[in-house]
Amino acid sequence: VQLVESGGGLVQPGGSLRLSCAASGFTFSRYDMIWYRQAPGKERELVASITPFGLNTNYADSVKGRFTISRDNAKNTVYLQVNSLKPEDTAVYYCNAQSGPYEYWGQGTQVTVSS
């Protein structure tokens, strides 16, 4: 099982990034997919989630209207479009897959928002 995040980087305030998480080794379309983030010295927090066929999404209040989660089950990939970035969005962003008792994590991708 692998979850591999990509797309992070250094961006100025107000900028955008598209994070990707490529999954392999499990039946992707059966899993809820979730993006979490963890800033230095802070607890890991849920950013956004999407159900297996994308019918339902959920967002943290702090990112509503700025971030969009989506998935492509044909490509076994989940995305997080992050717009209007703020310095407080700086964190390591992690991809998570959940289905019943099964849960998998990626290694994370760093997003740094700074001028």
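Residues numbered from 1 in each chain as written. Predicted model: local features only at pLDDT ≥ 70, side-chain atom pairs only at ≥ 80, totals over all residues. Heavy atoms only, no water.

**Q** Sorry, what's going on with the overall build of the chain here?
**A** Helix and strand counts for the chain come out as 0 helices and 11 strands. The C-alpha radius of gyration of the chain comes to 13 Å, within 12% of the 13 Å expected for a compact globule of 115 residues. With 115 residues in all, the chain has 43% of them scored as buried. Excluding contacts between residues fewer than 6 apart, the proportion of contacts in the chain whose partners are at least 24 apart in sequence is 52%. Summing over all exposed atoms, the chain offers an accessible surface of approximately 6,000 Å²; the carbon and sulfur share of this is 46%. Positive and negative charge centroids in the chain, built from 10 and 9 side chains respectively, lie 5 Å apart. (Helix = DSSP H or I, 4+ residues; strand = E, 2+ residues; numbered from the N terminus. Rg over C-alpha atoms; globule rule 2.2 N^0.38 Å. Buried < 20%, exposed > 50% of the residue type's maximum accessible area, 1.4 Å probe, protein only. Contact = heavy atoms within 4.5 Å. Areas by Shrake-Rupley, 256 points an atom, 1.4 Å probe, with all protein chains shown as cover. Lys, Arg positive; Asp, Glu negative; His and termini not counted. Charge placed at Lys NZ, Arg CZ, Asp CG, Glu CD.)

**Q** Help me understand the state of the cysteines in this model?
**A** A covalent bond between the sulfur atoms of two cysteines is what we call a disulfide. For the coordinates displayed, the defined rule picks out 1 disulfide. Across a sulfur-sulfur distance of 2.1 Å, Cys21 and Cys95 are joined as a disulfide pair. Residues Cys21 and Cys95 are joined through a disulfide that is left-handed, its torsion about the S-S bond being -80 degrees. With a gap of 74 residues between them, Cys21 in strand 3 (residues 17-24) and Cys95 in strand 9 (residues 91-99) connect regions that are remote in the sequence. (Disulfide = S-S within 2.5 Å.)

**Q** Can you walk me through the nonpolar core in this structure?
**A** Across soluble globular proteins, nonpolar side chains have a tendency to be buried as a group. Counting residues in each nonpolar core, the largest one holds 30 residues, and the members touching the most others are Met33, Trp35, Val78, Leu80 and Tyr93. Secondary structure elements with two or more residues in this core: strand 3, strand 4 (32-38), strand 5 (45-50), strand 7 (67-72), strand 8 (77-82), strand 9 and strand 11 (109-113). (Core = buried A, V, L, I, M, F, W, Y, C linked by side-chain atoms within 4.5 Å.)

**Q** How should the pairing of strand 1 (residues 2-6) be read in this particular structure?
**A** The two faces of a sheet get side chains in turn, since along a regular strand they alternate between them. Along strand 1, the buried face is formed by Leu3 and Glu5; none of Gln2, Val4 and Ser6, which line the opposite face, is buried. With 5 bridges joining them, strand 1 and strand 3 adopt antiparallel strand pairing. Bridging from a neighbouring strand, Ser6 pairs with Ser20 of strand 3. (Pairing = 2+ DSSP bridges.)

**Q** Help me out: how do you make sense of unusual backbone geometry in this one?
**A** The bulk of non-glycine residues show a negative phi, and the bulk of peptide bonds are trans. Not every positive phi belongs to a glycine, and Asn76 is a case in point at roughly 55 degrees. The class of Asn76 is partly exposed, set by a relative accessible area of 28%. Despite not being glycine, Ser84 shows a phi value in the positive range, around 50 degrees. Considering the arrangement of structural elements, one finds Ser84 in the loop between strand 8 and strand 9.

**Q** Help me out: how do you make sense of the side chain of Thr109 in this one?
**A** Along the chain, Thr109 turns up in strand 11. Of note is the side chain of Thr109, whose polar atom sits 3.2 Å from the backbone nitrogen of Gly8. In this structure, Thr109 is in contact with Glu5, Ser6, Gly7, Gly8, Leu19, Ala91, Val92 and Tyr93, ignoring residues within four places of it in sequence. (Polar contact = N/O pair within 3.5 Å; in protein donor to acceptor, adjacent residues only side chain to side chain.)

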